[in-house]
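Per-entry structural report
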Amino acid sequence: MTSTHTELTLPNGRKTKVPTGLFINNAWSLASDKGTFDTYNPTTGEPLLKFASATNEDVDRAVAAARKAFKTTWGRNVTPVERATYLRKLADLVERDAQHLAELESVNNGKGVRMARDGDIAESVACLRYYAGAADKIFGQTIEISGKTKLAYTLHEPIGVCGQIIPWNYPIMMWAWKVAPALAAGCTVVMKPSELTPLTALALSELVLEAGIPAGVINTLPGLGSTTGAALSSHMDVDKVAFTGSVVTGRRIMVAAAQSNLKKITLELGGKSPSIIFDSADLEEATKWSAAGVFYNSGQDCCAGTRLYVQASIYDKFMDTLVGLAKTAAIGNPFDEKTTFGALISAPQRDKVLGYIQSGVDEGAKVLTGGKKWDGANGYYVEPTIIADVKPNMKVVREEIFGPVLVVTKFKTEEEVIELANDTSYGLAAACFTNDAKQSMRVSTELQAGTVWVNQYGALHTQVPFGGYKTSGIGRELGTYALDNYTTVKAVHHNYGEAAAWPL
């Protein structure tokens, strides 16, 4: 690799020059040891691009650039209104380039171009604009101590340099979820995208340049988790790490943070989210939401509704409709505007998903539809799959699969299903479908999850916090709650009237 940019020919024949190097201090460079790693197009399984692989030395350079920016051109050195202006400009540029970014996202991630453009990218623009509006609304408290002699107040100050490690399932949207609140709060960023999907984080870095954001405020380091990610998590001059990904990696990051400088962390981890269908529910609506809840993004979603509980009296009717919906999923070429169901991210992930399906069969479960590779393409596709006759101790019920696999259980009573739904180490999301208002309040209160949907599934909004219970994570993203992750509270005590007593 001798250049930081490469010409890429997209499936529609369009040629475009894309960045493949490191983005540090608003400049492009190769890795310090000239090292690279390969990426693949999930739709075809063919090689896509080589990217620079950041070393420990490169991490040091990026952190130093971020620290310098924090001390000089960002942080408390610029007004909230200025930070907001930069975020709005960035949002405008992402919106302008939505089609281009969606096509890049598709070839690197496998999802449909329309889904990326109208879903992920539209939400990312909204996220950037939301936090632009929030930048000048970060405030503390004035606390009465003594009306005539003392008062105290709090300041919410930017925490500093933030390492941000994002996953491969929503590369652009996770970038926005991390970058927007960090910049609004006055922090600087060293971004590490997944080694499977680094393309769009680097493309967004070009828009950072165009927006005029000062050098060092956003740095982007493609690289491996075991090297680049580990160096960032354990770096002594990184003040906070935000991570979205697996529980296993989240634990490693917690250890690295604790053993280095005890840096602040936020973790958005896995899920095995339950969805409950009561007999009073609107069945047509409930089947559609249930299908979308598990098959959206080909099931590669941390809050996917992968455990479905259906009340016995409606089970047969509900399942007939649900299986029919799964069979009509719009699986196909991501560059076709009709496609909503794309490939899985990699061959190992596809094989892992198929292995889980087989384990369910081996343990006595029944595949109602799907359960195998889709034969319509050479890429990493798995058919939308529904598995019934499962037991609570089966692997397919207890472990996160991260693919288009739904396991279904029949239940009789409300008390029974709440116990089943909460019988998991995860707690990211849950849902219930019922037209009984009192029941919806009871059940949503009892479900142990950071997000609970009632008569819908999967709808997330920038202004509403998102995060998990139990092993599904620490902290919250989105809404004003996310700003708490990027600020630290200082209490200032003022004495304007009390004389010191001596001796004590």
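Our subject is the structure listed above.
Here is a short report on the structure shown in this document. From a predicted model like this one, the values you see are computed outputs, not experimental measurements.

Remarks on the side chain of T306
Structurally, the position occupied by T306 is in the loop between α9 (283–295) and β15 (307–311). Other than its neighbours up to four places away in sequence, T306 contacts K272, S273, V294, V405, L406 and V407.

Here we look at the environment of W175
Residue position: W175 is located in helix α5 (residues 171–185). Apart from residues no more than four positions distant in its own chain, W175 is found in contact with L90, I166, M191, A201, L204, V208 and I218.

Structural notes on the sheet that holds β15
With mixed pairing, 7 strands are arranged side by side in an open sheet as β16-β17-β18-β15-β14-β19-β20. A strand with exactly one partner marks an edge of an open sheet, and here the two such strands are β16 (366–369) and β20 (451–454). Within the sheet, the average angular offset between the axes of one strand and its neighbour, ignoring direction, is 25°. Bridge count for β16 against strand β17 (residues 385–388) is 3 bridges, and the pairing is antiparallel. In the sheet register, K366 faces β17, and the bridge partner there is A388. The strands that helix α10 (residues 315–327) touches are β14 (274–277), β15, β16, β17 and β18 (405–411); relative to β15, the one it contacts most, it runs at about 145°. Packed on one face of the sheet, helix α13 (residues 414–422) meets β14, β15 and β18 and runs near 175° to β15.

Some words on the pattern of salt bridges
When charged atoms on two side chains of opposite charge get close, those side chains can pair. Within the structure shown, the criterion is met by 23 salt bridges. Here E157 makes a salt bridge to K490, at a shortest N to O gap of 3.2 Å. With E157 in strand β8 (residues 150–158) and K490 in strand β22 (residues 487–495), this residue pair connects regions lying 333 residues apart in the sequence. Judged by relative accessible area, E157 falls into the buried class, the value being 14%. Measuring nitrogen to oxygen at the nearest pair gives 2.9 Å for the salt bridge that ties E477 to K178. In this pair, E477 is assigned in the loop between β21 (473–474) and α15 (481–484) and K178 in helix α5, connecting sequence segments 299 residues apart. Taking the relative accessible area as the measure of exposure, K178 reaches 1% and is therefore buried. One salt-bridge network, in which partners are shared between bridges, spans R67, D237 and D239.

Comments concerning the packing of helix α1 (residues 56–72) against helix α7 (residues 225–233)
The interhelical angle for the contact between α1 and α7, taken along N-to-C directions, is 40°, at an axis separation of 9 Å. One element, α1, and the other, α7, form an angle in the oblique class. As for the relative orientation of α1 and α7, their crossing is right-handed in sense. Contacts between α1 and α7 involve N56, V59 and V63 from the first element and T227, T228, A231 and L232 from the second. Taken together, the residues of the contact of α1 with α7 sort by class into 4 nonpolar, 3 polar and no charged.

Rules and cut-offs
- Residues numbered from 1 in each chain as written.
- Predicted model: local features only at pLDDT ≥ 70, side-chain atom pairs only at ≥ 80, totals over all residues.
- Heavy atoms only, no water.
- Helix = DSSP H or I, 4+ residues; strand = E, 2+ residues; numbered from the N terminus.
- Contact = heavy atoms within 4.5 Å.
- Pairing = 2+ DSSP bridges.
- Axes fitted to C-alpha atoms, helices over the stretch in contact; angles between N-to-C directions.
- Salt bridge = Lys/Arg side-chain N within 4 Å of Asp/Glu carboxyl O.
- Buried < 20%, exposed > 50% of the residue type's maximum accessible area, 1.4 Å probe, protein only.
- Parallel < 35°, antiparallel > 145°, perpendicular 65-115°, else oblique.
- Left-handed = near helix turned anticlockwise from the far one by under 90°.
- Nonpolar A, V, L, I, M, F, W, Y, C, P; charged D, E, K, R; others polar.

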